[in-house]
Amino acid sequence: MQHYLARRAAGLLATLAVATLLIFLALEVLPGNAAQMRLGPDAPPEAVAALSTHLGLDLPAWQRYLQWLSGLATGNLGESHAYGVPVASLITERMALTLPLSLAAMALTILLALAAGIYAALRHGRSGDLLVMGICQLGLAVPGFWLGILLIIIFAVQLQWFQAGGFPGWQDAPLASLQALVLPAIALALVQAAVLARITRAAVLDVLREDYVRTAMAKGLPRRQVVARHVLRNALIPILTIAGLQFAHLLAGAIVIENVFNLPGLGRLILQSIANRDLVVVRNAVLFLALMVICVNFLADLACGLADPRRRRAST
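As annotated in an unreviewed UniProt entry, the protein chain carries the name ABC transporter permease and is attributed to Kerstersia gyiorum. Turning to the protein chain, the UniProt annotation filed under Subcellular location (unreviewed entry) states: "Cell membrane".

Asks: For this particular structure, what's the right way to read the overall build of the protein chain?
Replies: What the protein chain contains, in helices and strands, is 14 helices and zero strands. Helices (α) and strands (β) of the protein chain occur, in sequence order from the N terminus, as α-α-α-α-α-α-α-α-α-α-α-α-α-α. Across the 316 residues of the protein chain, 40% fall into the buried class. Just so you have it, the protein chain exposes about 16700 Å², and 65% of that area is on carbon and sulfur atoms.

Asks: I keep staring at the side chain of S273 and nothing clicks. Help me out?
Replies: Mapped onto the secondary structure, S273 falls in helix α12 (residues 266–275). By relative accessible area, S273 is classed as buried at 0%. If sequence neighbours within four positions are ignored, S273 has contacts with Y83, D278, V281 and V282.

Asks: For this particular structure, what's the right way to read empty space enclosed by the protein?
Replies: Remark: the empty space left among the atoms is shown by a probe the size of a water molecule rolled over them. Overall, the coordinates contain one cavity of 30 Å³ or more when judged by the stated rule. Size it by volume and the largest cavity reaches roughly 30 Å³. If you trace the largest cavity, you find it lined by I23, F24, L27, E28, L279 and R283. Broken down by secondary-structure element, the contributors of at least two residues to the lining of the largest cavity are α1 (2–28) and α13 (279–307). The dominant element in the lining of the largest cavity, judged by the number of residues it contributes, is α1, at four residues. Looking at side-chain class alone, the lining of the largest cavity contains four nonpolar, no polar and two charged residues.

Asks: Can you walk me through unusual backbone geometry in this structure?
Replies: Peptide bonds are, in most cases, trans, and in most cases residues other than glycine have a negative phi. In the Ramachandran plot, Q160 falls in the positive-phi region, its phi being about 60° despite a non-glycine side chain. Looking at where Q160 falls in the secondary structure, it is placed in the loop between α7 (144–158) and α8 (174–180). Of the residues examined, Q160 reaches a relative accessible area of 61% and is grouped as exposed. The phi dihedral of N262 is positive, around 55°, even though this residue is not glycine. With respect to the helices, strands and loops of the structure, N262 is situated in the loop between α11 (223–260) and α12. Given the relative accessible area of 40%, N262 is considered partly exposed.

Asks: Would you explain the environment of A61 in this entry?
Replies: Note that A61 resides in helix α4 (residues 61–74). What makes A61 partly exposed here is its relative accessible area of 33%. What A61 contacts, discounting residues up to four positions off in sequence, is F24 and E28.

Asks: How should the pattern of salt bridges be read in this particular structure?
Replies: Close approach of charged atoms allows side chains with opposite charge to pair. Per the counting criterion, the structure on display carries one salt bridge. Among the ionic pairs, R201 bridges to D129, the shortest N-O distance being 2.8 Å. Of this pair, R201 sits in helix α9 (residues 182–208) while D129 sits in helix α6 (residues 127–141); the two residues are 72 residues apart in sequence, bridging distant segments of the chain.

Asks: Any chance you could explain the environment of N297 here in plain terms?
Replies: Mapping N297 onto the fold places it in helix α13. Sequence separation between N297 and Q246 is 51 residues, and the spatial gap between their C-alpha atoms is 9.4 Å. Once you skip the residues sitting within four places of it in the chain, N297 turns out to touch G244 and L245.

Asks: Sorry, what's going on with α12 here?
Replies: Residue pairs three or four apart in sequence face the same way in an α-helix, which turns once every 3.6 residues. Listed as buried for α12 are L266, G267, L269, I270 and S273. Angularly, the buried residues of α12 cover 160° about the axis, an arc narrow enough to put them on a single face. Just downstream of α12, R277 is the residue with a positive phi angle, here 60°.

Asks: What is the right way to read the packing of helix α5 (residues 87–122) against α11 from this model?
Replies: To describe two helices that pack against each other, one gives the angle between their axes and the distance between the axes. In the contact formed by α5 and α11, the axes pass within 8 Å of each other and the chain directions differ by 140°. Looking at the two axes, α5 sits oblique to α11. The element α5 and its partner α11 pack so that their crossing is right-handed. Here α5 contributes L97, T98, L101, S102, L103, A105, M106, T109, L114, I118 and L122 to the contact with α11, which in turn contributes R223, V227, L232, I239, A243, Q246, F247, L250, L251 and E258. Looking at the contact of α5 with α11 residue by residue, the class counts come to 15 nonpolar, four polar and two charged.

Asks: Would you take a moment to explain the packing of α5 against α9 for this structure?
Replies: Packing of α5 against α9 leaves a shortest axis separation of 6 Å and a crossing angle of 35°. In the packing of α5 onto α9, the handedness of the crossing is right-handed. For the contact of α5 with α9, the class distribution of residues is 25 nonpolar, four polar and one charged.

Rules behind the numbers
Each residue is numbered by its place in its chain's sequence as written, counting from 1. The predicted origin of the model limits local features to residues at a pLDDT of at least 70 and limits the giving and counting of side-chain atom pairs to 80 or more, whereas totals for whole chains, interfaces and linings rest on all residues. Excluded from the side-chain calculation are hydrogens and water; included are all heavy atoms of the structure. UniProt positions are given in the numbering used here, feature names are shortened, and annotations may be inferred rather than shown by experiment. Only runs of H or I of at least four residues qualify as helices and only runs of E of at least two qualify as strands under DSSP, and these elements are numbered from the N terminus. Buried, partly exposed and exposed residues are distinguished by accessible area as a fraction of the type maximum, computed with a 1.4 Å probe on protein chains only: under 20%, between the cut-offs, and over 50%, respectively. Note that accessible areas follow from Shrake-Rupley with a 1.4 Å probe, and for residues the cover is restricted to the protein chains shown. A contact between two residues is defined here by any heavy atoms of the two lying within 4.5 Å. Using a grid of 1 Å spacing that covers the protein atoms alone, one calls a set of points a cavity when a 1.4 Å probe fits there but cannot get out, and a pocket when the set is open and has protein on both sides within 12 Å along at least five of seven lines; lining residues are those with an atom within 4 Å of a point. Grid points are joined across faces, edges and corners, and a volume is the space filled by probe spheres set on the points. Residue polarity is assigned by list, with Asp, Glu, Lys and Arg as charged and Ala, Val, Leu, Ile, Met, Phe, Trp, Tyr, Cys and Pro as nonpolar; anything else, Gly included, falls into the polar class. Each salt bridge in this description consists of a side-chain nitrogen of Lys or Arg and a carboxyl oxygen of Asp or Glu lying within 4 Å of one another. Each direction from the helix axis to a C-beta atom contributes to the arc, which is the arc of those directions. Between the N-to-C directions of two axes lies an angle of 0 to 180 degrees, each axis being a line fitted to C-alpha atoms and, for a helix, fitted only over the stretch in contact. Note on terminology: angles under 35 degrees are roughly parallel, angles over 145 are roughly antiparallel, angles of 65 to 115 are roughly perpendicular, and the others are oblique. Left-handed is the label given to a crossing in which the near helix is rotated counterclockwise from the far helix by less than a right angle, and right-handed is the label when the rotation is clockwise.

As C-alpha cells, then:
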C-alpha cells in the first residue's frame, strides 16, 4: 500500500507541475495588457510603459514563469493588479464559497447517482428502469445554467423558499449562507448525477451477472445483503473513477452557476479578472481549481485501490 501511495503522490506532483506550465502558456497568448486596462484606453504610452515595468510585465516570459513558481513555493502569490490586494487573501476569501458549493454538489451527485443507478439496475428492463433512464436522458439534455434559472423562478420567485442570489457570508449569517448554496448545488448536481447514474447502472448490471453473485443469491442470502456486500463494492471502481473526473465538470459549471446566482465565488472572480486582464489572479485561481481536481482524483484513485487490492498489486 505504501508503494502504491508513493506512486500516486509522485503522479500528483508531476501533474501539478505540468498544470502550472500549461496555465502560464495559455494565459500568455491572451490579447491585451494589464497596464493598459488599468490606466484606460486614453492613457499615454509612457505611463503604460512605466506601469508595465512596475508590474513586471516587461520581463521575459520564462523569467515571469520562474518568479511565479518561486512565489508558489514560498506562498507569495503576488498582488492583484485590479483589486490591489494580495492574491492569496483574495482566493482564500472566494474559496470560502466555491469549495463548500463544489463539495456539496459532489456529495449530492454521488448520493443521487448511487440511488438512481442501483434502483434502475435492480429493475432492469422494467418500468422503474425505463423511468430512471428517461429522467437521466432528460438531465443530460438540460444545460446547468438553464436549470439554475428554472430553480430561481420556481423556488425563489414563485414559492419564495430561497433567496434569488447573493451570499451574506459565513461569519455574519451561517444559516443564510448555507441556504444560499442549496439551489446552486442542486443545479450543479442534477446534471452530473444523470451521467453518473447511467455509469452506476451499467456497473451494477455487470456485477450482477457474475457467477459469485448468482451463487450468493442461490444460497438464499437476502438481496439487500448481496447488493451491499458483493455487488456495490465491486461496482464502485468505475463509479469512483468517473466521479473523480466529474469534479472537474462541477468546478467548470460552478463558474457559470456563480454568475447565474450572483455568488461572489472563485468562478466569478476568474471571469472578472479575465475581463480586467488581471493575469496574476487568473493563473493562481485557475491553478487552485486544477489543484482541487487533481487532489479529488488522487483521493478517488486511493479509494479504488482500497476497494480493489488488485490495483495496488499491479502497481508494485
